Structure formats: structure tokens, C-alpha cells
Amino acid sequence: MSASHVIIGDGIAGSSAAETIREEDPDADITVITDEGEALYNRILIKEFAKGKLPEAPISIHEPEWYEERDIDLQLNTYVTTIDTEANEVHTHEGTVYDYDKLLVATGGTPASLASFGIENADADGIDHFWTFQDARSIKENVENADKGIIVGAGLLGIDLAAICGAQDLEANYLMRGECWWRYALDAEGAEILHEAMRERGVTPVFESGVDRFETDETGQVEAAVDPNGERYEGDWAGVAIGLSFNTEFLQDTPVETNDNGIVTDEYLRTNVDDIYAAGDITWFYDTILDDMGENGSWGSAKEQGSVAAQNMVDDLRDGGTTDDPEEFRWVSSYSITHFDFPFLSFGHPTIGDDEVSRKYSDTEWRRLAFKDGKIVGGVLIGDLSQQSKYKKLIREEREVAQHKDLLMEEDVDMDKLEEAAPKPE
């Protein structure tokens, strides 16, 4: 009999897994189940669509025909209600049951709402969250028709909303809880480069702020946000990006281990339940570089996770259950922002660590590295991205280099100097 693989989720992780399985096993039965109404699209480019810079057509990556040509059964608008881990069955809202030999969960997350924190009127008309292509369509239309905007969420998705407002010439206040944008990864000096770029596009950063409640008009349309300081900011559109709630509801009555960070896996992306794997944003996996549990939410990381999980799923079945030589997921992620006149890149895990170093080189050039136990674990580059491959190499090699911050902060890092400065074995 042919092997049966079921994949829940058709983001880049799920799609990459399906492609890998088909390449490795031409005879396998592959089913991809997604609650979205369209096949894989480029989640990175939907912000460019919302900015009015791209039409819809270039956003799509796979048309339904792509799945048909590869004999992959794609089920759109389908919700998984539960998994029977003993019978190896996936149950959907329509009552359809899919049997599996191997199952991959790649369901990602849903944007968290301020309503879950008790914020009044957080689900009012005119308030958008940003994750799916459908979200981008709503944001584009609402921003085009708005007179004033409000942005909440001082992270990587929040700045996308700021850029959308700037591109659509919508003046907006960007309400941030801390003293600067992405305060866990940047200091005030580095963040100010981003703040100034926002201001130039009509978006005003507001620090030590946030949202205490939204106000609405008589029709239920948002008209203002009031922050914890009592300051009122008018706006007939609001964009909220405060993180994700992971889509694990259908796993609640199963033995699959989950926590607030998603689905727990080992370095091979295996869960604690036989035959079930996870990939993408939803994974809380053992990171062999950090020697600790972690997550890796970038597009490239999710794609690689899907491929690695799929390879291990196929190899498991070839080896009669569990392969003796599984492939390890080992990856240094990166995330870039291209909204402004200068490039921005974060890599690895810039928000963790026990030590750091940063330096400003010009009005639009700044660099920061985060260290843990003397090793680089992540960083941020603004303006000049030329050194990223060197830093990533040092992360992968797990080199203890924190004692050489002066060399690491040179505009052009000399790897030979670093090697010479390394302590010699006795």
C-alpha cells in the first residue's frame, strides 16, 4: 500500500513539506488541509499589496493546478476539529475523516486580539489585524478610505502597518508601550533611525503608551484610542499587531504536547506522539545551536522546517517506523524590512542573551549583537547588511567571541583576526 501523509496547513511550511514528500516518494498519498480559501501565497509580499505597490496576481505562489499536477489533494476552507492519535485519523468540520501514516501540523497562528486582554471595543469596525492575504485586502481598502490611523504593536508586523500608512499617505499615531520600537532587540539610538523614517512618512511614534480602550461612534466604527495615560488619539482606522495565538485548539483532547509557545518538538521536528510532526511558526523545538528550546518564525525557517519534517516522515516509513538517522533542523533565521531608504535585517535570536554590544556608524547605519554564554545568538543590522554572513557563520559554529567585541564591531569584520585572537588549545 502507498504511504499516506496528511498535512494540516498550506503555508510555506506545509507546502514545502508536500513538495518534499512528492519528490521523495512518487507513490505516496498526500493530502493538504487548510482553513484558508486560497492556495499558497507569498506572506512576505502581502504588505506590498496593502501598500498599493503590487497587484494581487504576483502574490500567489501556487495555483490549484500546482497541486493537481503533483497529485496532491488540496482541501481548501476545511477546518480540522480533532485528531484521533490512536486510530491515526484527522476529523474535519464536514465530518470527513482522513487516515494517515504520518501527520504534519503546520497551522501557524491567528493574530492575537486586544479583546483577549479586556480592551473595550477591541473588535470594533475599522480595526484590522495583519496575517493573511484576506487581512491585507481589508487593510488596503480601509487605509485608502481612512482620514487618520492608529497603530498598535511595536514589533516586526507593527512596522509593516506603519509602512502601509506611509505608502498610502495616511497620517497615523503609532502607540508603543516602551521607550522605542522593538525595545527587546534595539536600543534607543538604533531605534531612532526607524522612528525618524516613520516620521518622514507621516507616522508619529508615541512612546510609553499603548491602548486602554477604543472609542466608537454610533455605528460601531472606531473613532479613537485612549492610552493608559489618558491621552486620546483620533483615528477611523486602527491596525493591531500584538503577536499570534497558535492554532492548536484541535489538539486539546490529544496527548500531543503543547504550551503557550506552540507545539513542542525535538530537533527533528517530531512531537511526543508517534507519527506526528510539526513545522513552521507553531513549533517550539529543541534548537541545537542554542542548546535550548526556541522558535524560529521567519519564512525561510518555516520552509526549511517543512522540508526537514517531510524528509523525516518519508524516511520513517522507509525504515519501518522511526528512522535511525533523522535529519536535524539547524538554522539561523533572518528577517528583513525594505520599507525605507535603508535596509534592515535581524538574524538569529536578537531578543535573548546575557550580553550585547551595539554601535552607530552613521545617521542610517547601526549594528547590534546579542550574546549568550559568550556566543553570538542574534543581531540587528541597519543600513549595512554586508557582515550578516560572517555573523551567521559564527552563530552556526557556536564560537565564543564575546570577548572580542571590538573586532566584531569593525565595519568590515576580519575573520582572520578573530581566528588569531581565539585562545589556543593547551
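Residues numbered from 1 in each chain as written. Predicted model: local features only at pLDDT ≥ 70, side-chain atom pairs only at ≥ 80, totals over all residues. Heavy atoms only, no water.

Observations regarding the overall build of the protein chain
Then comes step 1: Within the protein chain one finds 10 helices and 27 strands.
Then comes step 2: At 23 Å, the protein chain has a C-alpha radius of gyration in line with the 22 Å of a compact globule built from 426 residues.
Then comes step 3: Its C-alpha atoms give the protein chain principal-axis dimensions of about 75 × 65 × 35 Å.
Then comes step 4: A total of 426 residues make up the protein chain; the buried ones form 53% of that total.
Then comes step 5: Pairs at least 24 apart in sequence give 61% of the contacts found in the protein chain among residues at least 6 apart.
Then comes step 6: Approximately 18800 Å² of the protein chain is accessible, and the part contributed by carbon and sulfur atoms is 41%. (Helix = DSSP H or I, 4+ residues; strand = E, 2+ residues; numbered from the N terminus. Rg over C-alpha atoms; globule rule 2.2 N^0.38 Å. Buried < 20%, exposed > 50% of the residue type's maximum accessible area, 1.4 Å probe, protein only. Contact = heavy atoms within 4.5 Å. Areas by Shrake-Rupley, 256 points an atom, 1.4 Å probe, with all protein chains shown as cover.)

A word on the sheet that holds strand β6 (residues 97–99)
Then comes step 1: Read across the sheet, three strands follow the order β4-β5-β6 without closing on themselves; strand pairing throughout is antiparallel. Strands with a single pairing partner mark the edges of an open sheet, and in this sheet they are β4 (80–84) and β6. Taking the axes of each pair of neighbouring strands and ignoring which way they run, one obtains an average angle of 20 degrees across the sheet.
Then comes step 2: Looking at chain direction, strand β5 (residues 89–92) and β6 are connected through three bridges and run antiparallel. Bridging from a neighbouring strand, Val90 pairs with Tyr98 of β6. (Pairing = 2+ DSSP bridges. Axes fitted to C-alpha atoms, helices over the stretch in contact; angles between N-to-C directions.)

Concerning helix α6 (residues 188–200)
Then comes step 1: With 13 residues, α6 should reach 18 Å at 1.5 Å per residue; the first-to-last C-alpha distance of 18 Å fits that figure.
Then comes step 2: All of the buried residues in α6 are Gly190, Ala191, Ile193, Leu194, His195, Ala197 and Met198.
Then comes step 3: Two to three positions downstream of the cap, the backbone nitrogen of Glu189 sits 3.1 Å from a side-chain oxygen, assigning the N-cap of α6 to Asp187.
Then comes step 4: Just beyond α6, the residue with positive phi is Gly202, at close to 85 degrees. (Expected span 1.5 Å × (residues − 1). Polar contact = N/O pair within 3.5 Å; in protein donor to acceptor, adjacent residues only side chain to side chain.)

Quick word on the sheet that holds strand β11 (residues 172–175)
Then comes step 1: Overall, parallel pairing links the five strands, which are arranged β9-β16-β10-β11-β12 in an open sheet. Of all the strands in the sheet, the pair left with one neighbour each is β9 (127–129) and β12 (203–206). If you compare each strand with its neighbour and ignore which way they point, the axes differ by 20 degrees on average.
Then comes step 2: Where strand β10 (residues 149–152) and strand β16 (residues 237–240) come together, four bridges link them in parallel fashion.

Here we look at the side chain of Ser301
Then comes step 1: With respect to the helices, strands and loops of the structure, Ser301 is situated in helix α7 (residues 299–318).
Then comes step 2: Within the structure, Ser301 has its side chain in polar contact with the backbone oxygen of Asn296 (distance 3.2 Å).
Then comes step 3: Leaving out residues up to four positions away in the same chain, Ser301 has contacts with Asn296, Phe329, Trp331 and Ser333.

Looking at the environment of Glu141
Then comes step 1: With respect to the helices, strands and loops of the structure, Glu141 is situated in helix α4 (residues 133–145).
Then comes step 2: Spatially, the C-alpha atom of Glu141 lies 8.2 Å from that of Ala50, the residues being 91 residues apart in sequence.

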